[in-house]
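Read off the chains here:
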Amino acid sequence: LHDENYAKLRVVRRMFTRAQQVWFHVPAEKDLAQRLYPQLQGARLLGEQVDTEVQQYDDSVFRQAYGVEAPYLLYVGRKVSGKNLPLLLDCFREYKRRHPSSLKLVVMGREGDVSISGSDLVDVPFVRDEKIKFSAMAGAVALVQPSLNESFSIVCMESWLQGRPVLVHQDCAVTYEHVNRCGGGYAFSDQNSFDQTIVALLDDKAAI
């Protein structure tokens, strides 16, 4: 459930309030439903399945496959506006203008309505080999999840399983809750907070 216009339609409200049992991924999603539908009964948390036994990788598989040598931030997801990817691209480009460096942004996922171009951007198609994805996560300065509408975000969990922090948007209740509950990352809301977080991550030798 996302805080979007469809959630306020009468037909959706009727569906939620008439159901005997509704299960949610995380507390923030459940809280949203209870705000939208005060009559909601039988709301419970189910969670989401994540393979916690996944192998830990180093970055060599990804770097060799795509020729990436510099430090990089990583986005994993569909290349669509709905995932707030344009904001991430704008923030990254402005960061590089203000803080020239070798830092790259790797954008990995299925093609969509957002084009990826620029000397500091690495456009990686959707990869079926999870070794490459996990290797990319293992080598990233941080995984960036800019989406405002998430109900769980498996990529955040996968990044943590590879020992890497995540950077989420402060206005996404679910991913912001993840970060606050576990202390496994940071949140940004504008250009300045984005810049400050990246500078702090790059200054932390353990993060690279």
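Summarised in this report is the structure supplied together with it.

Secondary structure assignment for the protein chain yields eight helices and eight strands. Here the C-alpha atoms of the protein chain give a radius of gyration of 18 Å, agreeing with the 17 Å that 2.2 N^0.38 yields for 208 residues. Taken along its principal axes, the extent of the C-alpha atoms in the protein chain is 55 × 35 × 30 Å. By residue count, 47% of the 208 residues in the protein chain fall in the buried class. A separation threshold of at least 6 residues defines the contact pool for the protein chain, and within that pool the share at least 24 residues apart is 58%. Carbon together with sulfur atoms contributes 47% to the accessible area of the protein chain, which is approximately 10,900 Å² in total. In the protein chain, 24 positive and 26 negative side-chain charges are present, and the distance between their average locations comes to 7 Å.

If the charged atoms of two oppositely charged side chains come close together, the side chains can form a pair. Tallied over the full model, the rule gives 12 salt bridges. The partner of K133 in a salt bridge is E158, with the nearest N and O atoms 3.0 Å apart. With K133 in helix 5 (residues 130-139) and E158 in helix 6 (residues 154-161), this residue pair connects regions lying 25 residues apart in the sequence. Exposure class is identical for K133 and E158. Each is buried. Taken together, the salt bridges that share partners define one network made up of E94, R97, R98 and D195.

This brings us to helix 2 (residues 27-36). By the burial criterion, the buried members of helix 2 are A28, E29, L32, A33 and L36. Viewed along the axis of helix 2, the buried residues span an arc of 140 degrees, placing them on a single side of the element. Next to the buried residues of helix 2 lie helix 1 (10-18), strand 1 (22-24) and helix 7 (173-182).

What follows deals with the pairing of strand 8 (residues 185-188). The side chains of a regular strand alternate, residue by residue, between the two faces of the sheet. Both strand 7 (residues 166-169) and strand 8 contribute to a ladder of four bridges, which runs parallel. Opposite V168, over in strand 8, you have A187 as the bridge partner. Handedness of the crossover joining strand 7 and strand 8 through helix 7 is recorded here as right-handed.

As enumerated under the stated definition, the model contains seven aromatic pairs in all. Their ring planes at 10 degrees and their centres at 6.5 Å tell us that F16 and F24 sit as a pair that is stacked. Looking at F16, the relative accessible area reads 12%, which means it is buried. Since its relative accessible area comes to 3%, F24 is described here as buried. Ring pairs connect the aromatic residues F16, F24 and Y37, which therefore count as one cluster. A cation over an aromatic ring shows up here: R110 above the ring of F126, its NZ or CZ 3.9 Å from the ring centre.

In this section: the sheet that holds strand 7. Strand order in this open sheet of six strands is 5-4-3-6-7-8, and the pairing throughout is parallel. Either end of the sheet is taken by a strand with one partner, and the two such strands are strand 5 (121-125) and strand 8. Between one strand and the next, the sheet's axes are offset by a mean angle of 25 degrees, whatever the strand orientation. Docked against the sheet, helix 8 (residues 191-203) engages strand 3 (72-76), strand 6 (142-145), strand 7 and strand 8, running at close to 155 degrees with respect to strand 8.

About the cut-offs
Residues numbered from 1 in each chain as written. Predicted model: local features only at pLDDT ≥ 70, side-chain atom pairs only at ≥ 80, totals over all residues. Heavy atoms only, no water. Helix = DSSP H or I, 4+ residues; strand = E, 2+ residues; numbered from the N terminus. Rg over C-alpha atoms; globule rule 2.2 N^0.38 Å. Buried < 20%, exposed > 50% of the residue type's maximum accessible area, 1.4 Å probe, protein only. Contact = heavy atoms within 4.5 Å. Areas by Shrake-Rupley, 256 points an atom, 1.4 Å probe, with all protein chains shown as cover. Lys, Arg positive; Asp, Glu negative; His and termini not counted. Charge placed at Lys NZ, Arg CZ, Asp CG, Glu CD. Salt bridge = Lys/Arg side-chain N within 4 Å of Asp/Glu carboxyl O. Arc of directions from axis to C-beta. Pairing = 2+ DSSP bridges. Right-handed = clockwise from strand over helix to strand, strands pointing away. Phe/Tyr/Trp six-rings, centres within 6.5 Å; stacked < 30°, edge-to-face > 60°. Lys NZ or Arg CZ within 6 Å of the ring centre and 35° of its normal. Axes fitted to C-alpha atoms, helices over the stretch in contact; angles between N-to-C directions.

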